[in-house]
Each structure stands twice: as structure tokens, then as C-alpha cells.
Amino acid sequence: SIMWIGIAMGLVGFAPSYGVLLVLISLGSLGSAAFHPPAAVIAASNSGAKRGSGISVFSVGGNIGAALSPLWIALALSWFGLPGVITILPLGLIFGVIFYLNLRSSSSVAAREAKPKAAAQGDAFIAGLVLIVVAMMFRSWFQVGLTTYLPTWIESTGGTVAAGGSMLAIFAFSVSAGSLVGGAAGDRF
């Protein structure tokens, strides 16, 4: 999924039409959707009793990537123009291979150590799940809206692409700090 995202998003700068652009972004989104659920489960299951902290570290990794991406792309665009987006393709391939090799070596150990657990049942479980999904939807709407339109707003007020990328980086690093604090607090309280 990581390599899939790198390839799809790396080719965005070469899209000859809006339709092809939509297809590439959709394909990249499928790679992201395929990555996050199992990766979060792996992060939590390898965290022992500190599952909140494990998920926090997982989230921080993503947030750091989200923080560095606008800076990377802003530099690539300023140096190479729209085709500069392809500079993320080798990163996707390299990190995809690294994660694959690490996952392959640890998955057999995790499979042997896994113990069957009873599925949570009942109205309380369903109500809790619905509340979490609703909270995550609102969080995502806000975060995606901000990260989508902040650079455009900064440019419309006379700022540069680099300034927009810097603001997104500050936002993502702040989210990372909050994730670390929240995960540790979740384990403790």
C-alpha cells in the first residue's frame, strides 16, 4: 500500500487531464485506506500494556509525514514545476520495501503469539463505536478542510506556496505533539 501510494501520487504531476488526476488521487486514497487500519492494529498489538502510547507513536509518524510533505512538495514544485511531484515516488518505493521486510519478519512471531479474544458485544459497544466514528468524522472534516484550503487562502492573501507549506508543517507538528501527550494520558488515566 505504501508503494501504491508513492506511485499513484508521484504520477499526479504528469496527469494530462482532470479525469486522469482524479483517478490517480483516488488510487492513492485506496492505498492509504489499505494501509491505515492494519498498521494501527499492528502498532497497538506490539505496544503491550501501553496501547495508547503505541497508537500515539503510530499517529506521530503519520503526522510527521504530513508535516514534511507540504514542505517537500513546495520545494519540488519550486525547483521542477508540476513534474517535481514525482520526487515522492522513490520515497514510496523505498519505505514500502523497508516496511514490507520488517513486517514479513515480525508477522510470523505475532501470529504464533496471538490468542483468540472474545468479540465485544452489546449495546454499549455499538454506542461507543458510533460515538468514536462520529468524533473521527468531525475531526477529519476539520483537518482535511484546513489542510486543503489553508495554502490556497495564504496564496490568495499574497503569500507564497512555501509559506502555505510552512503553515501546514506547523499544524502537523502541533498535532503530533498533541498525539504524544494524548496517548500517554490515555494509558495513564
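Everything numeric in this text was worked out from a predicted model, so none of it was measured.

## Some points on the environment of I55
Reasoning step 1: Tracing the backbone shows I55 in helix α3 (residues 51-80).
Reasoning step 2: The spatial distance from the C-alpha of I55 to the C-alpha of M167 is 25 Å, given a sequence separation of 112 residues.
Reasoning step 3: Those residues in contact with I55 that sit more than four places away from it in its chain are A40, A43 and A44.

## Examining the packing of aromatic side chains
Reasoning step 1: Going through the model one piece at a time under the given rule, you end up with two aromatic pairs.
Reasoning step 2: Pairing W79 with F80 gives two aromatic rings, centres 6.3 Å apart and planes at 85 degrees, and the pair type is edge-to-face. Of the two residues, W79 and F80, neither departs from the other in class, the shared state being exposed.

## Regarding the packing of helix α1 (residues 2-10) against helix α2 (residues 18-45)
Axis angle and axis distance: for two packed helices, these are the angle between their axes and the distance between the axes, and together they describe the pair.
Reasoning step 1: Direction vectors running N to C along α1 and α2 enclose 165 degrees, while the axes themselves pass 8 Å from each other. Between α1 and α2, the angle is such that the two are roughly antiparallel. The handedness of the crossing between α1 and α2 is left-handed. Of α2, the residues touching α1 (which contributes I2, W4, I5, A8 and M9) are L24, I25, L27, G28, G31, S32 and F35.
Reasoning step 2: Looking at side-chain class alone, the contact of α1 with α2 contains nine nonpolar, three polar and no charged residues.

## Describing a nonpolar patch on the surface
Reasoning step 1: Together, M3, I7, L11, F14, I86, L93, V97, Y100 and L101 make up an exposed nonpolar region whose accessible area comes to about 730 Å².
Reasoning step 2: Those elements that provide at least two residues to the nonpolar patch are α1 and α4 (88-113).
Reasoning step 3: In terms of residue count, the dominant contributor to the nonpolar patch is α4 (four residues).
Reasoning step 4: Mapped onto the fold, F14 is located in the loop between α1 and α2.

## Some details on the packing of helix α5 (residues 123-156) against helix α6 (residues 161-188)
Reasoning step 1: Where α5 contacts α6, the two axes come as close as 7 Å, and the packing angle between them is 150 degrees. For the element pair α5 / α6, the angle class is roughly antiparallel. Taken as a pair, α5 and α6 cross one another with a handedness that is right-handed. For the pair α5 and α6, the contacting residues are F142, Q143, L146, T147, L150, P151, I154 and E155 in the first and V161, A163, G164, M167, L168 and F171 in the second.
Reasoning step 2: Of the residues contributing to the contact of α5 with α6, the split by class is ten nonpolar, three polar and one charged.

## Section: the environment of G165
Reasoning step 1: The residue G165 is located in helix α6 in this model.
Reasoning step 2: Contacts of G165, omitting those with residues within four sequence positions, involve P70 and L71.

## Quick look at α5
Reasoning step 1: The end-to-end C-alpha separation of α5 is 49 Å, in line with the 50 Å expected for 34 residues at 1.5 Å each.
Reasoning step 2: Largest kink in α5: about 35 degrees, centred on Y149, with the proline P151 one to four residues after it.
Reasoning step 3: Those residues of α5 that fall on the buried side of the exposure criterion are Q143, L150, P151 and I154.

## Structural notes on the confidence of the model for the protein
Reasoning step 1: Predicted confidence across the protein gives a mean pLDDT of 81, with 91% of residues reaching 70 or more.
Reasoning step 2: Taking the mean pLDDT of every element in the protein, the minimum, 76, falls on α4 and the maximum, 91, on α1.

## Notes on the environment of F80
Reasoning step 1: Along the chain, F80 falls in helix α3.
Reasoning step 2: Given a relative accessible area of 52%, F80 falls into the exposed group.
Reasoning step 3: Separated by 58 residues in the primary sequence, F80 and F138 have C-alpha atoms spaced 36 Å apart.

## Re the side chain of S56
Reasoning step 1: Along the polypeptide, S56 turns up in helix α3.
Reasoning step 2: Since its relative accessible area comes to 6%, S56 is described here as buried.
Reasoning step 3: When neighbours within four sequence positions are excluded, S56 is seen to be in contact with S179, L180, G182, G183 and A184.

Basis of the calculations
- Residues numbered from 1 in each chain as written.
- Predicted model: local features only at pLDDT ≥ 70, side-chain atom pairs only at ≥ 80, totals over all residues.
- Heavy atoms only, no water.
- Helix = DSSP H or I, 4+ residues; strand = E, 2+ residues; numbered from the N terminus.
- Contact = heavy atoms within 4.5 Å.
- Phe/Tyr/Trp six-rings, centres within 6.5 Å; stacked < 30°, edge-to-face > 60°.
- Buried < 20%, exposed > 50% of the residue type's maximum accessible area, 1.4 Å probe, protein only.
- Axes fitted to C-alpha atoms, helices over the stretch in contact; angles between N-to-C directions.
- Parallel < 35°, antiparallel > 145°, perpendicular 65-115°, else oblique.
- Left-handed = near helix turned anticlockwise from the far one by under 90°.
- Nonpolar A, V, L, I, M, F, W, Y, C, P; charged D, E, K, R; others polar.
- Patch = residues over 30% accessible without salt bridge, like charges linked within 9 Å, V, L, I, M, F, W, Y side chains within 5 Å.
- Areas by Shrake-Rupley, 256 points an atom, 1.4 Å probe, with all protein chains shown as cover.
- Salt bridge = Lys/Arg side-chain N within 4 Å of Asp/Glu carboxyl O.
- Expected span 1.5 Å × (residues − 1).
- Bend = angle between axes of the 7 residues up to and from the residue.
- pLDDT = per-residue confidence, 0-100.

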